[in-house]
Amino acid sequence: MAATRSKKIVLDEYQRKVLAYVANGENLFITGKAGTGKTALLREIRKMYTGKKVVAVLAPTGVAARNAEGYTMHSFLRLPLKPYLPEHRVKPDLYQLNVSGAETLRSIDIMIIDEISMVRCDMLDAADAILRHYRNNDRPFGGVQLVMFGDLYQLSPVADSEDKKVLKGCYNANEFYFFLSQALRDFDYRVVELQKIHRQDNRKFINLLNAVRVGEITMECLKMLEKRVDRNHKHTPQDSTITLMTHNYQSKILNKDMYQMLKTTEFRYKAKIVETTDRWHDKYPVDYKLRLKVGSRVMFQRNDNENGKYNNGTMGWVIHLSEDCIIVSTDKGDKVNVKRAVWQQFDYFVDKKTKTIYTQISAEYHQYPLKLAWAVSIHKSQGLTLKEANIDASQAFAFGQVYVALSRCETLEGIRLLEMIPSHKIIADDVVRQYMDCIDDEGYVTVPEERQEEYEEEPLILKIKSATFDRILDGEKKKHKQLIKEREDGRKLFVHNEDGSIRPNKLWAGKGKMTNYWDMNGGHFPYIMRRYRSVLFVDKTDDRHVEVEIDGKIEPYEGVDAEGYCNWGFRFRFGKVIKRKQI
């Protein structure tokens, strides 16, 4: 095979500054907008030290690891799948590396972590503990130079409801970004934000992505998005263009429709559960009864640690099936004889006196690591790079979700929107903004112990029916939504100016026609909402009330009242009961 010449990269002043910092041994977090050359710079750092220093390139997911030509953090460091709490010992042992893996850690000079925005703070703390242990060095990260790449305006780290309860008690936060880790509190690192856009041929697309990134959408951006809308698109099973959707149930429906259109023979593969308990419930990592046909579009759900032919996120087509054999042709052309993978569930509890986490395997799940993938969730797509994609982000609910979906595509022309994205669905996290505001001129971070957020001092008071109130007390109801019918609701929910007028968001600031709380503006929410930490539900009939903690933010939604009129409404999830009063 003939050798190919690598394309020479011309570095800008910010990128050259990063290389100088790395050469000086500094710890870094390198961030920047789309198109500023983060990936190219990562490759340049690796190239610069080839044969000179041991550089480990890691990422939180299989897709991101493949793109960075590195390893997943979990496989390289043997990170626990459960939450890790600093200053707590873990039983069984946290340190699960074999002799070869331990020797590798002792030899590392530089550790690069790509897609750091997806790394939870407890993952970084676990990495810190593991490195200190194997390197017998009590300096942060065992004395390894740490270089992090990522964009915090993408999706925040994922934690399920049970993990959130554990992590919230340790980190005192609702979102678990890497910069909240205890390992970084006494760790000097510099933040460098790359500024120069390199993909000049995609200037309009880059400008659109960067506006979406920080949640500051303009009318020009909305017009660009509207031109990409194609509500009449027809999906076919042979279409290799992936569809990205906000919710898992949406992608399941589309995958089912495509699957049923295939005329080939169906094979079913039943999972095996060892030490059967009810821990899995209906949250199996892949289908308990996996149904496949030749011609199915699939995505791998685990890494191939034996042969390296696929990662979590690799796409392919099923080309052969039998009772005990599945062969998949990946999009790269590899033919894979797929073997069953093993997932484990753990029971664990914290001994607060000894600060020890005790764990034991409660169940094992054996199944082929495949799922149908004509459509996938936007969360699952982070780290993918696509020439084209069908996108339905009209029901976006998470910070950075729209930005991640749009930025998967290399060009604007590669985007097909199945529905228009309402402007109020394009949001960025205030916690991220506050963190970025804590960076001084030299790039060093000073995060206040108490992050001041503009919350109302008193809870939001809502009057509800007795039946609804009882469902909340019984724990049956964990989310609430209602239409805005009274001006009193508007005064409680929306930020007002000193003269009593409603304060519009930046997009609609110049629109003088908005005079009421129900102005729909084509589905784009025009106002700034107040922020509450809790809601006080009051029974309309009896003198009963219960105060509950809001999980996330109150967000607007477009609803229809009993008379068929469109009204703005609001909805939110809520967590634990703070206090209650009953007669």
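Everything that follows concerns the structure shown earlier in this document.
Reading guide: rules and limits
Residues numbered from 1 in each chain as written. Predicted model: local features only at pLDDT ≥ 70, side-chain atom pairs only at ≥ 80, totals over all residues. Heavy atoms only, no water. Helix = DSSP H or I, 4+ residues; strand = E, 2+ residues; numbered from the N terminus. Contact = heavy atoms within 4.5 Å. Pairing = 2+ DSSP bridges. Axes fitted to C-alpha atoms, helices over the stretch in contact; angles between N-to-C directions. Salt bridge = Lys/Arg side-chain N within 4 Å of Asp/Glu carboxyl O. Buried < 20%, exposed > 50% of the residue type's maximum accessible area, 1.4 Å probe, protein only. Polar contact = N/O pair within 3.5 Å; in protein donor to acceptor, adjacent residues only side chain to side chain. Arc of directions from axis to C-beta. Right-handed = clockwise from strand over helix to strand, strands pointing away.

Looking now at the side chain of Asn567. With respect to the element layout, Asn567 can be found in strand S26 (residues 566-581). In this structure, Asn567 is in contact with Leu483, Ile484, Trp518, Met520, Tyr557, Glu558, Gly559 and Asp561, ignoring residues within four places of it in sequence.

In this section: the sheet that holds strand S5 (residues 110-113). Strand order in the open sheet formed by six strands is S3-S2-S5-S6-S1-S7, with parallel pairing between adjacent strands. Strands at the two margins of the open sheet, each flanked by one partner only, are strand S3 (71-72) and strand S7 (190-194). Bridging between strand S1 (residues 28-32) and S7 involves five bridges; their strand directions are parallel. Along S7, the bridge assignment pairs Thr31 with Glu193.

Before going further, it helps to spend a moment on the sheet that holds strand S13 (residues 315-322). One open sheet accounts for five strands, arranged S15-S14-S13-S12-S18; its pairing is antiparallel. Two strands close off the open sheet at either side, each with one partner strand: strand S15 (335-337) and strand S18 (370-372). On average, each strand axis in the sheet is inclined to that of its neighbour by 40 degrees, with strand direction left out of account. Here strand S14 (residues 325-330) runs beside S15; their pairing, made up of three bridges, is antiparallel. By the bridge assignment, Ile327 is partnered in S15 with Asn337.

Here we come to the pattern of salt bridges. Evaluated as defined, the whole model comprises 25 salt bridges. Across the pair Asp128 and Arg132 runs a salt bridge whose closest N-O atoms are separated by 2.9 Å. Of this pair, Asp128 and Arg132 both sit in helix H6 (residues 121-135), separated by four residues, roughly a single helical turn. For Asp128, a relative accessible area of 8% puts it in the buried group. Accessibility expressed as a relative area gives 24% for Arg132, which makes it partly exposed. Ionic pairing is found between Lys168 and Glu549, a salt bridge with its closest N-O pair at 2.8 Å. Taken together, the residues span a long stretch of sequence, with Lys168 in helix H7 (residues 161-171) and Glu549 in strand S25 (residues 545-560) at a distance of 381 residues. The exposure class of Lys168 is partly exposed, given its relative accessible area of 32%. By relative accessible area, Glu549 is classed as partly exposed at 22%. Because the salt bridges share partners, they merge into one network encompassing Glu26, Arg190 and Glu442.

Take the side chain of His496 next. Looking at the secondary structure, you find His496 in the loop between helix H15 (487-493) and strand S24 (534-539). Taking the relative accessible area as the measure of exposure, His496 reaches 16% and is therefore buried. Within the local environment of His496, its side chain forms a polar contact with the backbone oxygen of Phe494, the two atoms lying 2.8 Å apart.

Turning next to helix H5 (residues 99-107). Along H5, the residues classified as buried are Gly101, Ala102 and Leu105. Burial along H5 is one-sided: seen end-on, the buried residues are contained in an arc of 100 degrees. Exposed side of H5, more than 90 degrees from the buried face: Val99 and Ser100 are the residues found there. Those residues of H5 that are buried are in contact with helix H4 (73-77) and H6.

Glancing now at the pairing of strand S20 (residues 389-392). Both faces of S20 are covered, namely the face carrying Ala389 and Ile391 and the face carrying Asn390 and Asp392. With three bridges connecting them, strand S8 (residues 243-245) and S20 associate as parallel partners. Each residue of the ladder has a partner; that of Met245, found in S20, is Asp392. Pairing between S20 and strand S21 (residues 415-417): three bridges, direction parallel. Along S21, the bridge assignment pairs Ala389 with Ile415. The handedness of the S20 to S21 crossover, carried by helix H12 (residues 401-407), is right-handed.

Read these as geometric descriptors, not functional statements.
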